[in-house]
Amino acid sequence: MPACMEAAGALAFTLDGQKVVVKAADVDPSLPLASFLRSHLGCHNVKVACGEGGCGACTVLLERQDPSTKAIERHTALSCIKPLPSVHGWNVTTAKGLKDRSGALHKRMETLNAAQCGYCTPGFVVSLYDTLTSAGGDLTTDRLKGELDGNLCRCTGYRSILDVCKSFCTDAPAHLRPTTPDIEDAIPPCKWPTPVPQPLPSTPPPLLKNASLTWHTPSSLAELHSIFRSLRQDGKVRLVGHNTSVCWQEKAKEEECVISLERVEELAGIHVTERAIRVGGQATISELISVIDKEATKTATYAALSAHLRHTGSKQLRNEGTVAGNLMLVKTMAFPSDIAPLLLAWGCRIEYIDLDAPTPSAAQTQMVDLEAFLVADAPKMALIVAIVLDKQNEGAFFRSYRTAMRKHYAHATANAAFWCEFSPSSSGVVSAVRLVAGAVSDRPQRARQTEAFLLEQGLTNKTVTRAIEMLTEEVTIGASSHDSESYRKSLLAGYLYRFLLECINRHDNTRTSTPSPSSTSTHSTTTADTGHLNGTTHTDTDTDPDTDIDREGGGARIWQPLAKPDNERLVTGDAKYTGDVAMDKRALYGAYVTSEHAKATLLRVDGSEAMRVDGVVDIVTSEDFTLNRMINTVTAWDTNLLESVVPIGGQSRFVGQPVALVLAATEDTARKAAHVVKVEWADIQTPVVTIAQAMAAKREYKKMFEGRKGDIAPFEAVFSSRGTADLQVVKGKVDCGSQLHFYLEPQVAVACPDEDGRMTVHTATQGPQYVHENVALALGLPQHKVDVRLRRLGGGFGGKSTGSVPVAIMAAVAARKAGRPVHVSPTRHQDAAMTGGREEIELDYEAAFDRSGRIHAIRASVHVNCGCAGNLAYMCGKYIAEFLEQAYELQNFYLLSKLWITDLPMRMPVRAPGGLPAALAIETILDHIASSLSLDQADVRRANHLTETSLTSAMYVNGEMAAAPRQLTVPVQIARIHDEVCASSEWGRRVAEVAAFNKAHRWRKRGLGLMGLRFPRPLFASNAVINVHVDGTVLLHHEGVEMGQGLHVKVIQVACDTLGTRLFGYPLPASLVRSADFATEFMPNPWLTAASSTSERMCFAMQDAANRMAEKLMPFVNQESADGQVAERWKEVILAANGAKVNLQQQGEWRPSSGNVIDFYDTYGGTVAEVEIDVLTGEHSVRAFHMSYDCGKSINPLVDIGQAEGAAIMGQGFCTSEQVTWDATGRLINDGTWMYKPPLAPDMPTDFRVHLLDNSAFPGGFASSKATGEPPLLGSVSIFLAIQQAIRSARSDAGEEGFFTLSTPATCAKIQQSCGTKIEDMTVEAAKRGE
Ligand SMILES: Cc1cc2nc3c(=O)[nH]c(=O)nc-3n(C[C@H](O)[C@H](O)[C@H](O)COP(=O)(O)OP(=O)(O)OC[C@H]3O[C@@H](n4cnc5c(N)ncnc54)[C@H](O)[C@@H]3O)c2cc1C
Ligand code: FES
Ligand code: FES
């Protein structure tokens, strides 16, 4: 421990306008701001979803006025990685604090249903405010392109959020302009107040320290040096800019002294002179962008630099991350920087000081080329004082390129920056050139041989291809766990090709005229910059036009587009989730230690070092589990399959399985201590990871499923031949990857022990009954002594069905051991590794069809990767067997579905399990048929549509019939939807345009996908309760879990409509009715909230309760007051009924009319997608996505359209960017936000239209409605089909004909590598055909 000074002074900042002053001695400098706000100030308005800077949920606004210059600084930042010490002197504002300034923004977020589960919403609100205000009131929709690149939402599909944003633009579309402005709308769009930040004491930030970390904030170089000298001999010293790299700096955990550069005066700002731009060592990327943008108006070269810088991380990151910090990451830890290659190619210099020199000072700064600086070992302690970018000559030409797993907010897979100057006199003579390849190895590399070649040989049509070859030979590609060498080389080849082509074009032009800035300002990823803000949506509210709104006084009706009651709280962040449950002072936090091995025997858990960490209280292991150390997760189902913790002496089942739980006074302490727990393993075995390995090891799950219809026996001969005169045959394979749930709210449980051995468990679960049963089992308690509670989920998508159970068990066991409340929440990485995800599936098919494309028979076999247990994955195998037919009539069909056990986490159904791969499979078969007959995809679909008389197939389990054929739900809307979606998307026109485009372009290709969908959904028996209070307010209890799907608002609509209309002819106002939190003490034995069925069935049960209640109240209705307001009349009735001691609690229950516990009905839909791919990089953009979905008569169209849109974009992620890869040891590679990439707002389709089918009442549904949660997700498959079609066009140009399929997702790497591009094709000649 260095001889640091004592902490003194105070940390001062404001939070939402309130001053926060904390004595320095009480501040833990290792805490990120978000943790401090949440745990110390109880500010839960800031949500933490990833804790690693990768999602934007924790975004806050930072503002301050410079005490001397009076300049106001204002920017957004990620509070989960923002060091607490660095907020001294800043005003911190959350979404709640912004409400006073931008009430209209908040209001529109509420009314346009831009919050579903709400977990991302407060962060989004802060980013929206920043985007809207930074334009100074003149924002146009065009300027929104690429904005909002730093906030992830898993629920909404972004359209509603972007609509809110667009509605404030000066060119807002008419349908988004408020017709009846609220008081807040008196302020013109985007001109909300940006008040002068509150002044804070101008005292320097205090010295802060805890047991292992001291945080210094010097204000000058001299002070920095003096601190440095005093610390250097004692221990490790780390310089910190804004510390955004904290998530990768594992070593930081051991550091003892940090010197923050934040306030060092000499490092601040950017200075522009005649000859250079001098970027201070503490200048941020955003600051550099704004300076460069000004220069770009004078010199075109700068625009390319700015465009690339804007693709560095997200806006919040660029606001804080410094340029110097980025470069130092390259120097010290081989970081895949975007900035280093840019600056290397630009030819910039570094001014630095060697802090180890005896008396360093600004006067002793040294200047060196960036290239030399990055590779040199010395000096060990360099302080970057400035980065100097010399101004470019007019003749210089600069371009940069990058490709990543997602276009925004993702590290580059490869990048490059190229710069050159031509001789003004002779054609093609290159006078200077710098070619830099980045992100493919430890350091950016100059391709000097290629440069020399171009200098010698000049740039001609002939030298282009050779230069590309040389570059790919010369650049070393480092090892990567996720991208192949050949892909990264191809990317570099494509970049240089584009650059040289542009050079040739430009050079030809420059000899005649100077190019305009716009002609040189494009960034390579042109397909990336989609005009996503063109998205539109269509909702048919179907509201009764005769509704007497005045009389009803705000009455809530079924079929109304009513906003969710908690939207206001979701938008400000006041809404509380399980992780926000107030903890008492004695409470403990648990942090997991997890298994490193998929298959090994656990010998020992040594927590001695962890126990020495200040604040650690205990360590829970399997020794603390009494119930045979094995816990059922789903007792009612199969077998004991998921262990909550690996038993000592027992075997691990997968990497990431819990081994122990460290209990400490704070979560941060527990997590740090968990790192030092030592775990001893023996008998480490090679795991079975893939289906092929499981087959070889004969690890078949005990159940197999068959889908059967008609008889395929007569077609055996056709299948084994190459077809007959009448029937042709196609054979192929569908390879379906996994997908993670990626809910934003992490798994979390809080267990609170109570008197008499009782336990209350607050849990984020879709299956409270599973938590209830299993916690009781784990604690050996009768169920009436366990109460399971929750208010809402921040997303579930199937991952919190049973995935929440082990977390709840762990919390309960720990709480009992400690005798205190315990809060347990895995990190984002642990969460992903434990919860599993969608099952990988391989499906082989053979289909016999006639010349019209009509299918006569299909034979298919399916193999499902279940992970370490088949308990839940079997659903997927079963659904494929049941639902392969989808929207099509398969007269003769046989499918055998087998499941395979591997050493991966148990797969957990993800939204639309089974249905999604089934849709992918049948649509692939239809595309295959269309391709082999050269028919239009639409015609082949039409030839096979289901009809009103069609029967479904039968499903067999282990040879026994489990589901008999049944009639389809009528009306069968497939053909109608197909026609509508073809008409709305102008299918015929698109087909012709895409063909023409592909003919004219060699390196960009377009594709179309079209599909129909049918997804049977269940209706389960259900219960509900209405409690009426004597003041007339009503509390609704039901079995369902609210997770943003609008369940509460729908049951409120039902209760209001039923009670009010039965008694008075008008619905009750929604303000009288509230839906209660869930508690097993009140609603025992609930069914899982899943399968898109809960809203409809709860509405049925609630309607029954309301009808019964209305019966009881009818005698108390005073007919004489029939003209009064409904609310007043209702209160009168309740007073009278209560006076008569009527029981004002009423149960309701519902069963399907068949009398069964479950009944199925069919939902229908159809989609069309158009995509464009970049053949050279594999990037794609979705140009159009049109969906028509049969939601029956929607109970609440505002909610249902949001569900359909969110499902479509989640499906887009499955089809494109959400890669899940396991290495050979069974480790999940894509386990956090750095490697797992759900779509962002800029990824959404340019023309996005989701339409709920009009006039489509479904008599069997609740109030004629159908479900929306999952089925629309299937519609995203058309995006995947379209990408494949575009690839086929590229392959055809490359001479590779024939039907071709990809495995999902269609990542950039897979797209690029499938197009068959060879370097020899990269000629000037080829490009003449059109890029
Ligand atoms: C969410 C996120 C997304 C990102 N995406 C991208 C991306 O797409 N492309 C990309 O290129 N980068 C990306 N980055 C990296 C990002 O650019 C860097 O984290 C940031 O620029 C570092 O700046 P900082 O001030 O926070 O540095 P710090 O984290 O404070 O420090 C980083 C390193 O630099 C050293 N250091 C800092 N300043 C100086 C100085 N003046 N002199 C000497 N040493 C110094 C520190 O000692 C430390 O070793 C991303 C980072 C995050 C968190
Ligand atoms: S929680 Fe901070 S970025 Fe995800
Ligand atoms: S509303 Fe955005 S994540 Fe749920």
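Residues numbered from 1 in each chain as written. Chains lettered and ligands numbered in written order. Predicted model: local features only at pLDDT ≥ 70, side-chain atom pairs only at ≥ 80, totals over all residues. Heavy atoms only, no water.

Going by what an unreviewed UniProt entry lists, the chain is known as FAD-binding PCMH-type domain-containing protein and is assigned to Vitrella brassicaformis.

A short note on the overall build of the chain
Along the chain, the regular secondary structure elements total 37 helices and 43 strands. In terms of overall size, the chain behaves like a compact globule, its C-alpha atoms giving a radius of gyration of 31 Å where 1331 residues would be expected to give roughly 34 Å. Summarising its shape, the C-alpha atoms of the chain cover approximately 90 × 85 × 70 Å along the three principal directions. The buried share among the 1331 residues of the chain stands at 64%. Here the contacts in the chain between residues at least 6 apart in sequence split such that 79% fall between residues at least 24 apart. A total of about 44,800 Å² of accessible surface is found on the chain, and carbon and sulfur atoms cover 51% of it. (Helix = DSSP H or I, 4+ residues; strand = E, 2+ residues; numbered from the N terminus. Rg over C-alpha atoms; globule rule 2.2 N^0.38 Å. Buried < 20%, exposed > 50% of the residue type's maximum accessible area, 1.4 Å probe, protein only. Contact = heavy atoms within 4.5 Å. Areas by Shrake-Rupley, 256 points an atom, 1.4 Å probe, with all protein chains shown as cover.)

A few points about the site of ligand 1
As a structural note, the neighbourhood of ligand 1 is formed by 37 residues, with Leu 239, Gly 241, Thr 244, Ser 245 and Asp 338 the closest of them. In this structure, Gly 241 approaches ligand 1 through a main-chain N or O atom, which is 2.6 Å from an oxygen atom. Going through the elements one at a time, β8 (237–240), α10 (323–333) and β14 (382–390) are the ones with two or more residues in the shell around ligand 1. Among the elements that make up the shell around ligand 1, the one with the highest residue count is α10 (five residues). (Near = heavy atom within 4 Å. Polar contact = N/O pair within 3.5 Å; in protein donor to acceptor, adjacent residues only side chain to side chain.)

Examining the environment of Val 805
Among the structural elements, Val 805 can be located in helix α23 (residues 805–818). The exposure class assigned to Val 805 is buried, which follows from its relative accessible area of 0%. Sequence-wise, Val 805 and Pro 768 are 37 residues apart; in three dimensions their C-alpha atoms are separated by 8.7 Å.

A short note on the side chain of Glu 1218
Tracing the sequence through the fold places Glu 1218 in the loop between α33 (1197–1215) and β43 (1247–1252). Given the relative accessible area of 0%, Glu 1218 is considered buried. In terms of polar contacts, Glu 1218 uses its side chain to reach the side chain of Gln 739, at 3.1 Å. One polar contact links Glu 1218 to Tyr 1236, side chain to side chain, over a distance of 2.5 Å. Other than its neighbours up to four places away in sequence, Glu 1218 contacts Arg 154, Ser 738, Gln 739, Leu 740, Met 1210, Gly 1213, Tyr 1236, Lys 1237, Pro 1238, Pro 1239 and Pro 1305.

Focus on the sheet that holds strand β33 (residues 954–957)
Within a sheet, adjacent strands bond to each other through the backbone by hydrogen bonds, running parallel or antiparallel. The seven strands are arranged β25-β30-β31-β32-β24-β33-β34 in an open sheet whose pairing can be described as mixed. The sheet is open, and its two borders are formed by β25 (728–736) and β34 (960–963), each paired with just one other strand. Mean inter-strand twist for the sheet, computed between neighbouring axes without regard to direction, equals 20°. One ladder, built from five bridges, connects strand β24 (residues 705–709) with strand β32 (residues 893–901); its direction is antiparallel. If you follow Arg 708 over to β32, its bridge partner there is Tyr 894. (Pairing = 2+ DSSP bridges. Axes fitted to C-alpha atoms, helices over the stretch in contact; angles between N-to-C directions.)

Section: the pattern of salt bridges
Taken as a whole and judged by the stated rule, the model has 77 salt bridges. Linking Lys 731 and Glu 846 is a salt bridge whose minimum nitrogen-to-oxygen distance equals 3.6 Å. Of the two residues, Lys 731 sits in strand β25 while Glu 846 sits in strand β30 (residues 841–849), which places them 115 residues apart along the sequence. Given a relative accessible area of 44%, Lys 731 falls into the partly exposed group. (Salt bridge = Lys/Arg side-chain N within 4 Å of Asp/Glu carboxyl O.)

Observations concerning the nonpolar core
Membership of the largest hydrophobic core comes to 230 residues, with the highest contact counts inside it found for Leu 105, Tyr 158, Tyr 497, Phe 499, Leu 843 and Ile 858. Per-element tally for this core: the top contributor is helix α15 (residues 485–510), with 12 residues. Those residues within four positions of Leu 843 in sequence are excluded, and the remaining contacts are Gly 732, Lys 733, Val 734, Ala 860, Ser 861, Val 862, Ile 880, Leu 884, Leu 895 and Ala 921. By size, the runner-up hydrophobic cluster in this structure holds 47 residues, among which are Leu 1019, Ile 1026, Leu 1036 and Tyr 1066. (Core = buried A, V, L, I, M, F, W, Y, C linked by side-chain atoms within 4.5 Å.)

Looking at the UniProt feature "binding site: [2Fe-2S] cluster 2" (unreviewed entry) in the chain
Annotation from UniProt places "binding site: [2Fe-2S] cluster 2" (unreviewed entry) at Cys 117, Cys 120, Cys 153 and Cys 155. For the annotated residues, spread through 39 residues, the largest C-alpha to C-alpha distance comes to 9.4 Å, consistent with a single compact locus. You can see Cys 120 is positioned in the loop between α3 (103–111) and α4 (121–134). With residues near it in sequence (within four places) discarded, Cys 120 still touches Leu 152, Cys 153 and Leu 744. The class for Cys 153 is buried, based on a relative accessible area of 8%. Excluding residues within four positions of it along the chain, Cys 153 makes contact with Cys 120, Phe 124, Tyr 158 and Ile 161. (UniProt positions renumbered as here; feature names shortened; annotations may be inferred.)

Considerations on the UniProt feature "binding site: [2Fe-2S] cluster 1" (unreviewed entry) in the chain
In the numbering adopted here, UniProt assigns the feature "binding site: [2Fe-2S] cluster 1" (unreviewed entry) to Cys 50, Cys 55, Cys 58 and Cys 80. Sequence-wise these annotated residues cover 31 residues; spatially they are packed, their C-alpha atoms never more than 10.1 Å apart. Secondary-structure assignment places Cys 55 in the loop between α1 (33–40) and β3 (59–65). Mapped onto the elements of the fold, Cys 80 is located in the loop between β4 (72–78) and β5 (91–93). When sequence neighbours within four positions are dropped, the list of residues in contact with Cys 80 reads Pro 32, Ala 34, Val 48, Gly 51, Glu 52, Gly 53 and Cys 58.

Examining the packing of aromatic side chains
Applying the stated criterion across every chain yields a total of 20 aromatic pairs. Ring geometry for Phe 418 and Phe 499: centres 5.2 Å apart, planes at 55°, overall tilted. Here Phe 418, found in strand β16 (residues 412–422), pairs with Phe 499, found in helix α15; they are 81 residues apart in sequence, far enough to count as distant. Here Phe 418 matches Phe 499 in class, with each residue buried. Aromatic pair Phe 1100 and Trp 1150: ring centres 4.1 Å apart, planes at 5°, arrangement stacked. With Phe 1100 in helix α31 (residues 1094–1113) and Trp 1150 in strand β40 (residues 1145–1150), the pair connects residues that are 50 residues apart, well separated along the chain. (Phe/Tyr/Trp six-rings, centres within 6.5 Å; stacked < 30°, edge-to-face > 60°.)

Focus on the sheet that holds strand β28 (residues 786–790)
On the basis of which strands lie adjacent, the open sheet formed by eight strands has the order β21-β22-β19-β29-β26-β27-β28-β39 and mixed pairing. On the outer flanks of this sheet lie β21 (616–620) and β39 (1078–1079), each paired with one strand and no other. Relative to strand β22 (residues 658–664), strand β19 (residues 588–594) is paired through six bridges, and the arrangement is antiparallel. Bridging from a neighbouring strand, Val 593 pairs with Ala 660 of β22. Of the strands in this sheet, β27 (759–763), β28 and β39 are in contact with helix α22 (residues 768–779), which crosses β28 at around 145°.

Digging into the environment of Met 961
Within the fold, Met 961 resides in strand β34. On a C-alpha basis, the gap between Met 961 and Asp 844 in space is 23 Å, while along the polypeptide they are 117 residues apart. Ignoring any residue separated from it by four or fewer positions in sequence, one finds Met 961 in contact with Ala 954, Met 955 and Tyr 956.

Examining α22
In a regular helix each residue adds 1.5 Å, so 12 residues correspond to 16 Å; α22 covers 16 Å between its end C-alpha atoms and thus fits that length. The buried fraction of α22 is high, at 10 of 12 residues. Buried residues of α22: Pro 768, Gln 769, Tyr 770, Val 771, His 772, Asn 774, Val 775, Ala 776, Ala 778 and Leu 779, and no others. Structurally, α22 contributes buried residues whose contacts are with β27, β28, α23 and β39. Taken from the residues just after α22, Gly 780 is the one with a positive phi, measuring 65°. (Expected span 1.5 Å × (residues − 1).)

Observations regarding unusual backbone geometry
With an omega of -5°, the peptide bond running from Val 970 to Pro 971 counts as cis. The phi dihedral of Asn 1085 falls on the positive side, at around 55°, and the residue is not glycine. One can find Asn 1085 in the loop between β39 and α31. With a phi angle near 65°, Ala 1091 is a residue other than glycine that sits in the positive phi range. As for its placement among the helices and strands, Ala 1091 is situated in the loop between β39 and α31.

Things to note about helix α7 (residues 285–296)
Compared with the 16 Å implied by 1.5 Å per residue over 12 residues, the 16 Å span of α7 between its first and last C-alpha is a close match. Where α7 is concerned, the buried positions are Ile 285, Ser 286, Leu 288, Ile 289, Val 291, Ile 292, Glu 295 and Ala 296.

Comments concerning a nonpolar patch on the surface
Taken together, the side chains of Trp 1087, Val 1157, Ile 1158 and Phe 1160 make up a nonpolar region of the molecular surface, amounting to roughly 300 Å² of accessible area. Here Val 1157 lies in the loop between β40 and β41 (1158–1174). Residue class for Val 1157 comes out partly exposed when judged on its relative accessible area of 34%. (Patch = residues over 30% accessible without salt bridge, like charges linked within 9 Å, V, L, I, M, F, W, Y side chains within 5 Å.)

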